[in-house]
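# Structure assessment
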Amino acid sequence: MERPVILSGLVARGTATSPQRLGELAVELDIPAADLLVVAGHSVPTELLPPKRDAAVMREFAYRVSHCDHSRLPALEDFARSLPRVVVREPFVEPAWPGSRPAETWFAAVLRGLLRNRGFGVRELPFMGLARSTLYQMVWRWETNPHRRQQLCAVAGPLGWTLPDLFAVADEPYSKEVRPMLHCHHLGRVFAAAVPLTTAQLIEVAKEADRLSVREGHGAWQPVSQGFADECPDLVRWPGEAEAAPSAGP
């Protein structure tokens, strides 16, 4: 069964799918189990959520990681995964949402859940080419609108989701001409790898990101305006798409 069909089925009938089966699907699809639980309408157990972490450090971590291009992101992901998991950790704390307003639409609640799974509030996200007011609207009342495809292209990468997968969950038509706005899913893989890490460990990963990216100190926060999506090796063929048949030749 194709990935979009599986994901669309979870949106429609996910509550009838057991958490155990969702965990199996998560391995098959290479999507965090916590994310599939959100998409399927299940609660996420505490052990799959990040520990309490300093929001300012989280924001700085995300910013510094966003300076790493595709040649460096795999090494940074491996570094994050190599750090020891703390057995006793501070309990998860829900990120601060704008005005403490609950999500009013289904997809806004899904986006909020996916961000929460990584420990992000809106203020902690790296620069994605969207205004903060737009992001606030998206986690409050994200409905179908003329800019929705562009918005999906912006948030998919930092979440670690490919565009075909996120478009399937959003019930939005996808075409191969659609491309990430700034960052692709390889950036989000680092954020997903860092979910179990403590504040002190996030600082370690941020320092390693600076070392790998050879980032110069700017003295002030500056967005990575160019992103690195154009370097993504999956832009031609996303995971799950069939390879083009070889040419028969003359």
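Whatever comes next refers back to the structure up there.
Residues numbered from 1 in each chain as written. Predicted model: local features only at pLDDT ≥ 70, side-chain atom pairs only at ≥ 80, totals over all residues. Heavy atoms only, no water.

### Observations regarding the state of the cysteines
Linking two cysteines covalently through their sulfur atoms gives a disulfide. For clarity, the threshold we go by: Our working definition of a disulfide is a cysteine sulfur pair at a distance within 2.5 Å. Each residue is placed in one exposure class: buried if its accessible area under a 1.4 Å probe, protein chains only, is under 20% of its type's maximum, exposed if it is over 50%, and partly exposed if it falls in between.
As enumerated under the stated definition, the model contains zero disulfides in all. Unpaired in terms of disulfides, C184 finds its nearest cysteine sulfur in C232, a separation of 3.6 Å. Exposure remark for C184: the relative accessible area of 3% places this residue in the buried category.

### Let's talk about the nonpolar core
Rule in force here: By nonpolar core we mean a set of buried residues, namely Ala, Val, Leu, Ile, Met, Phe, Trp, Tyr and Cys, connected to one another through side-chain atoms within 4.5 Å. Throughout, a residue-residue contact means that at least one pair of heavy atoms, one from each residue, lies within 4.5 Å.
Ranked by internal contacts, the top residues of the largest apolar core, which has 67 residues, are L36, V65, V155 and W161. Excluding anything up to four places from it in sequence, V155 contacts M128, L130, L135, M138, W142 and L166.

### A closer look at the layout of surface pockets
Applicable threshold: A pocket, in this scheme, is an open set of points on a 1 Å grid over the protein atoms alone with protein on both sides within 12 Å along at least 5 of 7 lines, while a cavity is a set where a 1.4 Å probe fits but cannot get out; residues line either one if an atom lies within 4 Å of a point. Grid points are joined across faces, edges and corners, and a volume is the space filled by probe spheres set on the points. Secondary structure follows DSSP: runs of H or I at least 4 residues long count as helices, runs of E at least 2 residues long count as strands, and numbering of each begins at the N terminus.
Roughly 550 Å³ of volume is contained in the largest pocket. Forming the boundary of the largest pocket are 27 residues, of which D30, I31, P32, R81 and A192 lie nearest the centre. For the lining of the largest pocket, the secondary structure elements donating two or more residues are helix 2 (19-29), helix 3 (33-39), helix 6 (106-118) and helix 10 (185-193). Counting residues per element, the lining of the largest pocket draws most heavily on helix 10, at four residues. Here the second largest pocket defines a volume of roughly 290 Å³. Lining the second largest pocket are 20 residues; nearest its centre among them are A55, P95, A96, G119 and E124.

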